[in-house]
Every structure is written in C-alpha cells, then in structure tokens.
Amino acid sequence: MTVKRKSGRPAKVPGEKGTKERIFDTAIDLFAERGYDGVSIRDIAAVGIKESSIYKHYAGKEEILDSIFEYFLEAWRQSVAGKWSVSSEAEEQVVSMGLDGFMAMASGVFTSWLDDPRMEKIMRISFIELYHNEKIRKSQLAFLDAGYAFFESSFAIMMKHKLIKPIDPKVVAMEYMSFFMNALLDYFILRYGTVSGPFLQEYGARIKEHTAFITNSIKP
C-alpha cells in the first residue's frame, strides 16, 4: 500500500520496496522462469513498472543481469567475511579451528549463503545461462576455481599440521565440493519445479551427513 504526500506524489511506506528493488526482484523472477533471452524490458514492466522508470535505474537488460550477479558474489563475500578472514594469518586461523571447526565453518558459510530466497532463483538463472552467456560462464568458472583453491590450500595446511591424514589436498577438495555441485545440479536443473521445498529443506540433512563423512574419512 502507498500513501500520498501533500504534493500528491506517492510516499514510500516503511518496508515497501523501492522501484529499483522491484525491478531487480521482478527480473530475477522472470529470468529464473524463462531464461534471460526469454524476457524483455517490456515483460519486466508488465508487473506495473513503467519502462521509463526501468531505464532511469538501469541502462538495459544486460545491466540488470550484471547487478544480479554482483549481488550473488557480494552475498557470498559477506557470508565468508562473517566466518572467515582472508589474510596472511590464514594458516593460524585454520590450525586454531581444527578440522571439526573448519568443516563446520565451511558448511555454515554455504547454508547461510543459500538461505537468502533470492539466491535460489539466481542459481537457477546461472544454470540456465551457463551454456550461452560467456560472461556468466567465466564468472562461474572463476567462482568455482576460487572455491577449489581455497579448500585445497586449507586442507594442505591441515595436513602440514597433522590435523588430517597424509592425503592429496586437491583430491580432498574435489571430493568435498563435488557433493555440492551434484546437489545444485539435481535441485536446480534435473528436478526443478518438482521439489516440494527450498534447497536447504531438501538438502540440509544431507549436507550434514556429507560433512561428517568427509571429516571422519580424513581424520588422522
């Protein structure tokens, strides 16, 4: 609901979305449902937003998509920042956590990141666009490579300090992350539209089981 200022122009009600946020959320909904190429600026405007208002906030559809994936990456950075400080003291931090603490932190970062309702839709957009949007493909590859590098270096530190078995840290990183990649593929592509609840409801228990399995498998 909107209220009127004395000038007659609508005033924003506390908690009500502004125009830019409505454009952003509408685009996420439509891109997730139809794919980027299946949505026009006119489609986004069809929910009650004037096309002229869209162009006041975004240069075009591509800029909206760019802002969606910047949100995606920033949300990840914020999730990581809340539990992990990337710095020269990374080795000290890994050792102080220990294996159990590190693994709990890692799964917590992933689940807190996907707890954002927008994130599920953005993941769906990402899977749809990977094969014909080069910018998104490169972004997702860089994101994935950074994840592998992070876990490989962390497991290498733990092996150095005898917190895990003497095992190839690259293999452990791949084994740990492969579960999440398979889960995302299953939920957002193979069974999309047929699942009964959000990702964490479907996979929360399995994430805990997977984390416990990997942890117990590499303990010295």
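Position numbers for residues count from 1 along each chain, tracking the sequence in the order it is written. Residue-level local features of this predicted model are given only where pLDDT is at least 70; pairs of side-chain atoms are given and counted only at 80 or more, and the full residue set underlies all totals for whole chains, interfaces and linings. Think of the side-chain values as coming from all heavy atoms in the structure, minus any hydrogens and water.

Caption draft 1: Focus on the overall build of the chain. When its secondary structure is counted, the chain shows 9 helices and 2 strands. Per the convention used, a helix needs a DSSP run of H or I reaching at least four residues, while a strand needs a run of E reaching at least two, with both numbered from the N terminus. What you see in the chain, going N to C, is helices and strands ordered as β-β-α-α-α-α-α-α-α-α-α. Counting every atom, the chain has about 12400 Å² of accessible surface; 57% of that belongs to carbon and sulfur. All accessibility values rest on the Shrake-Rupley procedure with a 1.4 Å probe; residue burial counts only the protein chains present in the view.

Caption draft 2: Representation of the packing of helix H7 (residues 134–160) against helix H8 (residues 169–190) within the structure. One way to put it is that H7 packs onto H8 with a least axis distance of 8 Å and a crossing angle of 135 degrees. As far as their axial angle goes, H8 and H7 are oblique. For H7 against H8, the interelement crossing comes out right-handed. Where H7 abuts H8, its residues Leu 144, Gly 147, Tyr 148, Phe 151, Glu 152, Phe 155, Ala 156 and Met 159 lie against Pro 169, Lys 170, Val 172, Ala 173, Met 174, Tyr 176, Met 177 and Met 181. Any residue outside Ala, Val, Leu, Ile, Met, Phe, Trp, Tyr, Cys, Pro, Asp, Glu, Lys and Arg is labelled polar, Gly included; the first ten of those are nonpolar and the last four are charged. Residues that form the contact of H7 with H8 fall into these classes: 13 nonpolar, 1 polar and 2 charged. To get an axis, a line is fitted to the C-alpha atoms, and for a helix only the part in contact is used. The angle between two axes follows their N-to-C directions and goes from 0 to 180 degrees. Angle categories: roughly parallel below 35 degrees, roughly antiparallel above 145, roughly perpendicular from 65 to 115, and oblique for all the rest. Handedness of a crossing follows from how the near helix is turned relative to the far one, being left-handed for an anticlockwise turn of less than a right angle and right-handed for a clockwise one. Contacts are assigned to residue pairs with any non-hydrogen atoms lying within 4.5 Å of each other.

Caption draft 3: Local environment of the confidence of the model for the chain. Each residue carries a pLDDT score, the predictor's confidence in it, ranging from 0 to 100. Of the residues in the chain, 88% reach a pLDDT of 70 or more, and the chain-wide mean stands at 85. Per-element confidence in the chain ranges from a low mean pLDDT of 44 for strand E2 (residues 10–11) to a high of 93 for helix H2 (residues 41–45). Counting contacts from residues 1–5, a segment whose pLDDT is below 50, to residues more than four positions away or on other chains yields 14 contacts. In this model residues 7–15 is a low-confidence stretch, pLDDT under 50, and it forms 15 contacts with partners more than four residues away in sequence or in other chains.

Caption draft 4: Geometry of the packing of helix H6 (residues 117–129) against H8. Two elements in contact, H6 and H8, have axes separated by 10 Å at closest approach and are oriented at 85 degrees. Here H6 is positioned roughly perpendicular relative to H8, judged by the angle of their axes. Here Glu 120, Met 123, Arg 124 and Phe 127 of H6 come into contact with H8, specifically with Leu 184, Leu 185, Tyr 187, Phe 188 and Ile 189. Partitioned by chemical class, the residues of the contact of H6 with H8 number 7 nonpolar, no polar and 2 charged.

Caption draft 5: Seen up close, the pattern of salt bridges. Every case where a carboxyl oxygen of Asp or Glu lies within 4 Å of a side-chain nitrogen of Lys or Arg is listed as a salt bridge. Counted under the stated rule, the structure contains 12 salt bridges. Between Arg 191 and Asp 186 there is a salt bridge, with the nearest N and O atoms lying 3.0 Å from each other. Only protein chains enter the accessibility calculation, which uses a 1.4 Å probe; a residue whose area is less than 20% of its type maximum is buried, one above 50% is exposed, and one in between is partly exposed. Assessed through its relative accessible area of 26%, Arg 191 is described here as partly exposed. Between Arg 191 and Glu 202 there is a salt bridge, and its shortest N-O distance comes to 3.7 Å. A residue pair is termed long-range when its members are at least 10 positions apart, and Arg 191 in the loop between H8 and helix H9 (199–218) and Glu 202 in helix H9 qualify at 11 residues.

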